[in-house]
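Given next are the chains, with one letter for each unit.
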Amino acid sequence: MNQSSSCAQQKAICHSLDKKCEIFDRLHAMMAQENSYLCGNYLETDMHCNSEKNELIVDKECRFRTCEWYHKLLEHFKLDFENAQISMSYLDRFLSTEIGCQYLHSINEFQLVTITTIYLSIKLFEPTVFDMKMVSFLSQERFGEDQVVAMESKILNALQWKMHPPTPKNFVQHLLALLPEHIDPTAKKALLDVCCFQFQCSVHDYSFSKYRASTVAIASMLNAIENRQNISTFFPTQDFRNHVLLLFDILRLDYLSCEIQILRSRLSIYLFQQSCHERCGTSPSSHVHAAKELTTAKCDVSVIDVANNQDYQKWVLENFH
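Whenever I open this one, the packing of helix α8 (residues 168–177) against helix α10 (residues 213–226) confuses me. Can you help?
The geometry of a pair of packed helices is captured by two quantities: the angle between their axes and the separation between those axes. Viewed as axis vectors pointing N to C, α8 and α10 meet at an angle of 60 degrees, and their least axial separation amounts to 8 Å. Judged on the interaxial angle alone, α10 and α8 are oblique. In this structure, α8 meets α10 at a crossing whose hand is right-handed. Listed contacts from α10 to P168, F171, V172, L175 and L176 of α8 are A213, S214, V216, A217, S220 and M221.

As structure tokens, then:
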């Protein structure tokens, strides 16, 4: 990219930012806000040792299965899959608290927490609200209305009523909205789709729970704009890539940090596996179906196996700038 072209693109972005002050302000507010939505490493610390119940029953597999169940529930009722990320935020943060960590010692009590968190998310973010009879039905009649209401109160108080976590999708949408108007809206939508695919996969992975949503968003955007593969028919032009990177520079987002590079590597594994499905003609019908398939416990290879796989290493060299 020559200097004159770079200057022109920078002016275009600055002009776009001037016209979109409200979006810019919301983005900065979200970045400040997300610090209060971080969770602790509750499955790998000794905080649960304070409980009278010594044995830790809930593990990463339980968390994974919970997320999988959230997706199935949301798909069945045709609700926004972003509710899974919001519900997992409630779950992870609650279990990181002194009150919540007590529920790591019983599968039955843990299930009451998981049902209440998805109920809260749907209640707050969907026009369709589940009544308590439906919640009881979803729990196969194991939990009554009184139990869910009591748990709802515990979660709200433990989280200090912080129930609107900024999600990676929120950040990507705001960043795309700050790009100049001449950028093809179809390309923006395609980039968002590729990012959402990565989010749907990564939300199952406990290791992602410790990262800020904005960091996951930036890593996913970089993977999307720098990937040369045909993913969801998305072919980012050089002009599109340059505008995104210039936006990051203007906003002083450190997209070259070690943390983001680590996340990019982990997220790229999902793209690699999706690429393998496409080459074999076995690609699932939607990003959500693909995410669930690629992150199941019965997946062909683990994350570590893929990272050390020669085909994966070759794919990264061929498809990323």
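Please clarify how the pattern of salt bridges should be interpreted in this entry.
Note that side chains of opposite charge can pair when their charged atoms are close. Applying the stated criterion to the full structure yields ten salt bridges. Here D92 and R63 are joined by a salt bridge, their closest N and O atoms 2.9 Å apart. With a gap of 29 residues between them, D92 in helix α4 (residues 82–95) and R63 in helix α3 (residues 60–76) connect regions that are remote in the sequence. You can call D92 buried: its relative accessible area is 4%. Judged by its relative accessible area of 4%, R63 falls in the buried class. Shared partners join several salt bridges into a network, and the residues in it are E61, R65 and E68.

What am I meant to see in helix α5 (residues 107–125) here?
Since one α-helical turn is 3.6 residues long, residues separated by three or four positions face the same way. The end-to-end C-alpha distance of α5, which contains 19 residues, comes to 27 Å, matching closely the 27 Å that a straight helix rising 1.5 Å per residue would cover. Taken residue by residue, α5 has F110, L112, V113, T114, I115, T116, T117, I118, Y119, L120, S121 and I122 as its buried positions. Tucked inside the fold, the buried residues of α5 contact α3, α4, α6 (132–138) and α7 (145–158).

So what exactly am I meant to see when it comes to the packing of aromatic side chains here?
Each aromatic ring pair is characterised by the separation of its centres together with the angle its planes make. For the coordinates displayed, the defined rule picks out five aromatic pairs. Measuring from centroid to centroid gives 6.0 Å for W69 and Y70, while their planes differ by 45 degrees, and the two rings are tilted. Judged by its relative accessible area of 0%, Y70 is buried. Ring geometry for F208 and Y211: centres 6.4 Å apart, planes at 65 degrees, overall edge-to-face. Judged on exposure class, the residue F208 and its partner Y211 are both buried.

How do you make sense of the side chain of S202 when you look at a structure like this?
Summarising the element assignment, S202 is placed in helix α9 (residues 185–202). For S202, a relative accessible area of 4% gives the class buried. Within the structure, S202 has its side chain in polar contact with the backbone oxygen of F199 (distance 3.2 Å). Setting aside residues up to four positions removed in sequence, S202 forms contacts with F208, L267 and Y270.

Would you explain the nonpolar core in this entry?
Counting residues in hydrophobic clusters, the biggest one holds 43 residues, and the most contacted among them are V172, L175, L176, L191, M221, F240 and F248. Counting only elements with at least two residues in this core, the list comes to α2 (21–33), α8, α9, α10, α11 (238–250) and α12 (258–280). If we skip the residues at most four places from it in the chain, V172 touches L191, L192, C195, F199, A217, S220 and M221. Counting 42 residues, the second largest nonpolar core, distinct from the first, contains C62, Y103, L138 and L159.

Looking at this structure, I do not really get the environment of K20. What am I missing?
Position of K20 relative to the elements: it lies in the loop between α1 (3–19) and α2. Spatially, the C-alpha atoms of K20 and L178 are 6.8 Å apart, while their sequence positions differ by 158 residues. Once residues within four sequence positions are removed from consideration, K20 is found in contact with A177, L178, L179 and E181. From its side chain, K20 meets the backbone oxygen of A177 in a polar contact 2.6 Å long. Among the polar contacts listed, one links the side chain of K20 to the backbone oxygen of L179, at a separation of 3.0 Å.

Cut-offs applied
Residues numbered from 1 in each chain as written. Predicted model: local features only at pLDDT ≥ 70, side-chain atom pairs only at ≥ 80, totals over all residues. Heavy atoms only, no water. Axes fitted to C-alpha atoms, helices over the stretch in contact; angles between N-to-C directions. Helix = DSSP H or I, 4+ residues; strand = E, 2+ residues; numbered from the N terminus. Parallel < 35°, antiparallel > 145°, perpendicular 65-115°, else oblique. Left-handed = near helix turned anticlockwise from the far one by under 90°. Contact = heavy atoms within 4.5 Å. Salt bridge = Lys/Arg side-chain N within 4 Å of Asp/Glu carboxyl O. Buried < 20%, exposed > 50% of the residue type's maximum accessible area, 1.4 Å probe, protein only. Expected span 1.5 Å × (residues − 1). Phe/Tyr/Trp six-rings, centres within 6.5 Å; stacked < 30°, edge-to-face > 60°. Polar contact = N/O pair within 3.5 Å; in protein donor to acceptor, adjacent residues only side chain to side chain. Core = buried A, V, L, I, M, F, W, Y, C linked by side-chain atoms within 4.5 Å.

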